[in-house]
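Report on the structure
Listed here are the chains, written in short residue letters.
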Amino acid sequence: MLEIKWIRNNIEEVKAFLVNRNNDFDVDRIVILDEEKRSLLTETENLKAQRNEGSRKVAEAKASGQDADVLMEEMKNLGQMVKEKDSKIAEIDQELQSLLLQMPNRPHDSVPVGKDENDNMEVRKWGTPKEFVFEPQAHWDIGEKLGILDFEKGVSLAESRFTVLKGAGARLERALINFMLDLHTEHHGYKEIQPPFMVSSQTMQGTGQLPKFAEDLYKCEGEDLWLIPTAEVPLTNLHSGEILPEEVLPLYYTAYTPCFRKEAGSYGRDVRGMMRQHQFDKVELVKISKPENSYDELEKLTANAEEVLQKLGLPYRVITLCTGDMGFGASKTYDLEVWLPFQDKYREISSCSNCEDFQARRMGTRYKPADGGRPRYVHTLNGSGIAVGRTLIAVLENYQREDGSVEIPEALVPYMGGMKEIR
């Protein structure tokens, strides 16, 4: 969340960035509540001062043998007034905090202003899309013909947007996971974590999934547990409520987890294949950094994700998301889009974001400066080290052969037990 003091002092800037984010959030209501709360706090402090003075006079009157009944009645009335105002302050604060939790993050000054994905800015490209001498097929046709993807079984076992991977398909998914984890832990300096796949409401709130995105999440009935939509949630919350020593920063974490999303707002999109599933695998990257270093860390995190695609030989491009297309909690986001031959276009496969102190304020995560200054909020960064299922799609489509077989990228051969092709 954003600091209320900053909102109060920069209200016109707040309104401008909300417009740029295509967000109709009622920031005026926050200002009204904030003013009312501060006014009540001043009144309450004055009443408490009067009550303290009155209590002193009551004590003096009793000590001198004077009648203190009138003064005591006044103190009783003052106490009731303080109680009523404290109750009103708590009521206002509850609404104020609820609104602050629903307000999106402020975009960084380098983020291009735009309405939607059409206004995103391309930063760079890597690799050249392959020229096929035959008509490239879709991953669902390739996978079904090879017997490694079974969409009908996914529907019969669960519902649409679930897929069963078989044989070499399941092995390829596992190989991709192990390849990514080894790359990030052995070469990029991340610590591997195996977190819970279910978390509490408080944990979901810490990273911004709640309350705004409740309809897109799966909740365990009768329990305060939610299936995670991404490993970002438990990884970022590892230090919720803590004050970290400065010398441990930055912290780098990575984790493989299955992810669960209802895709409530994607009706009719990517209904075929594995592009938009309710359950999917991801290897996540999370960083916890000092504020002054966080944008350098964002560039490094993005480069770490890019190296996955480079080692797999998959053409891609990097784009900066505009204000209107950026996620709720992000200050700046780079998307990596991989080339898919059948669609003849680049498709998103990874998002790398700096959330600045937006999540840290929600979680209460700070660090103690080495010079002994007051604790400061950390900056948090996250990025899928590449969505595994979409990487599998890209491998099948980019490495397909005319005879229907698929070549295994060289980097994955050791993880496939020496298997060099699927046929």
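Residues numbered from 1 in each chain as written. Predicted model: local features only at pLDDT ≥ 70, side-chain atom pairs only at ≥ 80, totals over all residues. Heavy atoms only, no water.

1. What about the sheet that holds strand β5 (residues 198-199)?
Here three strands make up an open sheet; going across it, the order is β5-β7-β6 and the pairing antiparallel. Both outer strands of the open sheet, β5 and β6 (218-219), are each paired with one neighbouring strand and no more. Examined bridge by bridge, β5 and strand β7 (residues 226-227) share two bridges and lie antiparallel to one another. Residue Met198 lies in a different strand from β7, and its bridge partner there is Leu227. (Pairing = 2+ DSSP bridges. Helix = DSSP H or I, 4+ residues; strand = E, 2+ residues; numbered from the N terminus.)

2. Focus: a negative patch on the surface
A surface patch of negative charge is lined by Asp67, Asp69, Glu73 and Glu74. Inspection of the secondary structure puts Glu74 in helix α4 (residues 69-102). (Patch = residues over 30% accessible without salt bridge, like charges linked within 9 Å, V, L, I, M, F, W, Y side chains within 5 Å. Areas by Shrake-Rupley, 256 points an atom, 1.4 Å probe, with all protein chains shown as cover. Salt bridge = Lys/Arg side-chain N within 4 Å of Asp/Glu carboxyl O. Lys, Arg positive; Asp, Glu negative; His and termini not counted. Charge placed at Lys NZ, Arg CZ, Asp CG, Glu CD.)

3. A look at the side chain of Glu232
Of note, Glu232 is situated in helix α9 (residues 232-236). The buried charged residue Glu232 lacks any salt bridge partner; its closest oppositely charged side chain belongs to Lys282, at an N-O distance of 6.0 Å. Residues contacting Glu232, with those up to four places away along its chain left out, are Thr207, Gln209, Glu284, Val286, Gln359 and Asn382. (Buried < 20%, exposed > 50% of the residue type's maximum accessible area, 1.4 Å probe, protein only. Contact = heavy atoms within 4.5 Å.)

4. What to know about the UniProt feature "binding site: ATP" (unreviewed entry) in the chain
According to UniProt, the feature "binding site: ATP" (unreviewed entry) maps to Arg261, Lys262, Glu263, Glu348, Ile349, Ser350 and Ser351 in the numbering used here. Setting aside its immediate chain neighbours within four residues, Arg261 contacts Asp216, Tyr218, Pro229, Thr230, Gln277, His278, Phe280 and Lys282. A polar side-chain atom of Arg261 sits 3.0 Å from the main-chain carbonyl oxygen of Pro229. Looking at the secondary structure, you find Ser350 in strand β13 (residues 345-354). (UniProt positions renumbered as here; feature names shortened; annotations may be inferred. Polar contact = N/O pair within 3.5 Å; in protein donor to acceptor, adjacent residues only side chain to side chain.)

5. Points about the packing of aromatic side chains
For the structure shown, the criterion picks out eight aromatic pairs. With a centroid separation of 5.2 Å and 70° between ring planes, the pair formed by Phe132 and Phe134 is classed as edge-to-face. Note on Phe213 and Phe328: the rings are 5.7 Å apart at their centroids and 85° apart in plane angle, and the pair reads as edge-to-face. One end of the pair, Phe213, is in the loop between α8 (201-207) and β6; the other, Phe328, is in the loop between β11 (316-320) and β12 (332-340), with 115 residues separating them in the sequence. Of the residues examined, Phe213 reaches a relative accessible area of 32% and is grouped as partly exposed. Residue classification places Phe328 among the buried residues on the basis of a relative accessible area of 9%. These aromatic residues form a ring-pair network of at least three members: Phe213, Phe328 and Phe358. The positively charged end of Lys219 is found above the aromatic ring belonging to Trp226, 5.5 Å away from the centroid. A cation over a ring is seen here: Lys262 above Tyr218, with NZ or CZ 5.6 Å from the ring centre. (Phe/Tyr/Trp six-rings, centres within 6.5 Å; stacked < 30°, edge-to-face > 60°. Lys NZ or Arg CZ within 6 Å of the ring centre and 35° of its normal.)

6. Observations concerning the state of the cysteines
Taken as a whole and judged by the stated rule, the model has zero disulfides. Cys352 supplies the cysteine sulfur nearest to Cys355, a cysteine that is in no disulfide, at a spacing of 11 Å. (Disulfide = S-S within 2.5 Å.)

7. Regarding the pairing of strand β9 (residues 251-260)
Across the 10 residues that make up β9, a large majority, nine, are buried. Where β9 and strand β10 (residues 279-289) come together, 10 bridges link them in antiparallel fashion. Bridge pairing in β10 links Ala255 to Glu284.

8. What to know about the side chain of Asn304
Along the chain, the position of Asn304 falls in helix α10 (residues 294-312). Overall, the relative accessible area of 11% leaves Asn304 in the buried class.

9. Describing helix α5 (residues 139-146)
For α5, the full list of buried residues reads His139, Trp140, Ile142, Gly143 and Leu146. Mapping the buried residues of α5 onto a view down its axis gives an arc of 160°, with all of them on the same face. At its buried positions, α5 is contacted by β2 (149-150), α6 (151-157), α12 (388-398), β17 (406-407) and β18 (421-422). Gly147 occupies a position one or two residues after α5 and carries a positive phi of about 75°. (Arc of directions from axis to C-beta.)

10. Digging into the packing of helix α7 (residues 168-186) against α10
Two numbers describe how α7 lies on α10: the axes approach to 11 Å, and their chain directions differ by 130°. With respect to α10, the axis of α7 lies oblique. The two elements α7 and α10 cross, and the hand of that crossing is right-handed. Of the residues in α10, those in contact with Leu176, Phe179, Met180, Leu183 and His184 of α7 are Asn304, Glu307, Val308, Lys311 and Leu312. (Axes fitted to C-alpha atoms, helices over the stretch in contact; angles between N-to-C directions. Parallel < 35°, antiparallel > 145°, perpendicular 65-115°, else oblique. Left-handed = near helix turned anticlockwise from the far one by under 90°.)

11. Quick look at the domain arrangement of the chain
Each assigned domain of the chain is listed here: domain 1 (4-101) and domain 2 (121-422). Just the C-alpha atoms count here: the centres of domain 1 and domain 2 sit 45 Å apart. Facing four residues of domain 1, the contacting portion of domain 2 comprises nine residues. Of the roughly 620 Å² buried at the junction of domain 1 and domain 2 (both faces included), carbon and sulfur atoms supply 43%. When residues of domain 1 are sorted by the area they lose upon contact with domain 2, Asn20, Arg21 and Leu101 head the list and together hold 85% of the total. (Domains from an automatic or database assignment. Buried area = accessible area lost by both parts, 1.4 Å probe.)

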